[in-house]
Amino acid sequence: MVKDLSVELCGIRLKNPVVPASGTFGFGLELSDSLDLNVLGGISLKGTTREARYGNPTPRIADCPAGMLNAVGLQNPGIDVLVQEKVPALRKIYDGCVIANISGFSLDEYRHCCALADTCPGIDLIEVNISCPNVHGGGMAFGTSAAAAAEVTAAVKEVCRNKRIFIKLSPNVTDIVEIARACEDAGADGLTLVNTFLGMRIDIARRSPVLANKMGGYSGAGIFPIALRMVYQVAHACRIPVMGCGGVTCARDVIEMMMAGATAVQVGAENLRNPFVCPEIVEELPSLMEQLHIESLRDIIGTV
Ligand SMILES: Cc1cc2nc3c(=O)[nH]c(=O)nc-3n(C[C@H](O)[C@H](O)[C@H](O)COP(=O)(O)O)c2cc1C
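What you are looking at is a predicted structure, and each value in this text was computed from that prediction instead of being measured. (Residues numbered from 1 in each chain as written. Predicted model: local features only at pLDDT ≥ 70, side-chain atom pairs only at ≥ 80, totals over all residues.)

K.L.:
Explain the sheet that holds strand β6 (residues 67-70) residue by residue, including any values.
P.N.:
Sheet architecture is open: four strands sit in the order β5-β6-β14-β11, paired in antiparallel fashion. Two strands bound the open sheet, and with one partner strand each, they are β5 (61-64) and β11 (197-200). With strand direction ignored, the average angle separating the axes of adjacent strands in the sheet is 35 degrees. Inspection of the sheet shows β11 paired to strand β14 (residues 215-219) by four bridges, in the antiparallel sense. Bridging from a neighbouring strand, L198 pairs with G217 of β14. (Pairing = 2+ DSSP bridges. Helix = DSSP H or I, 4+ residues; strand = E, 2+ residues; numbered from the N terminus. Axes fitted to C-alpha atoms, helices over the stretch in contact; angles between N-to-C directions.)

Okay, structure coming up:
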């Protein structure tokens, strides 16, 4: 029996819900020689800022049990390169949902980048990252206060006429539902959650932090139950669609995220361990659906 894997995000049809998460799949182009990008429902591109950034000093990755710590610090070529070079090149080889991931250090920077992404024909959705734990003076600072999250949301909605806006939430908060509701009330079309958890490791021989940045964002399999809980809480509290993210490594995790309320599911750190994990999940889904008597993935969204 042919299974229906397709989902719809704010009127945009994805052939399946599997989306590599921002920062773990470059601009898609880097992997196009090794795998068929067109099996992916969507691709969330590397977080982009107004100016090009080299990111944080190294070491900026640390291995952890059941995941990794990263403090890449938004290394990217800048918004002009994204809209003029990366997206047009990706569009030539990819027909799925292209998601621009935008970061900023000020409201003005978020506005500037989103306005450019909004008029870029190859971009389908804009994901606004208010949750990067690895940069100072921006990123997560906007995502840990309901008022600031609402302010960013309203600011980018004001300049975007064409594209839907997903706000990407930080898990480093006491009450993620409060922040999610503030974004929804300020006009967000959808929410992505979660970004990484602020963490740290120490090199005991050197008696110093492993990361040059001292702290970084923890993600990977170890965060799955916490991310799932947050997706469940937010999806049940808000009316706008949710893209679930955090610790997803297999088809079973995708089904769990969708039962918790996610319409699409992003896969992050696992791409760095196994660059083929997303196509593998897409391939695994129909047989798992068969076992669970699921005909269409849309039928299971938020059923728990
Ligand atoms: C190396 C690395 C770089 C990341 N860069 C970004 C980024 O640029 N923008 C963003 O919104 N999230 C970024 N993230 C967060 C992921 O998109 C994702 O939200 C998070 O890692 C949780 O998912 P996971 O547990 O599957 O990794 C990055 C994560 C990693 C591991």
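K.L.:
Quick rundown of the site of the ligand? Include the residues and the values.
P.N.:
Taken together, 26 residues lie near the ligand, and A21, G23, G47, S219 and G268 sit nearest. Class assignment for the residues of the shell around the ligand results in nine nonpolar, 14 polar and three charged. (Near = placed C-beta within 6 Å. Nonpolar A, V, L, I, M, F, W, Y, C, P; charged D, E, K, R; others polar.)

K.L.:
Help me get a handle on the packing of helix α5 (residues 224-237) against helix α6 (residues 251-260), residues and values and all.
P.N.:
Orientation of α5 relative to α6, taken along the N-to-C sense of each, is 30 degrees, at an axis distance of 8 Å. Here α6 runs roughly parallel to α5, going by the angle between their axes. The segment α5 lies against α6, with F224, L228, V231, Y232 and A235 engaging D253, E256, M257 and A260. Looking at side-chain class alone, the contact of α5 with α6 contains seven nonpolar, no polar and two charged residues. (Parallel < 35°, antiparallel > 145°, perpendicular 65-115°, else oblique. Contact = placed C-beta atoms within 7 Å.)

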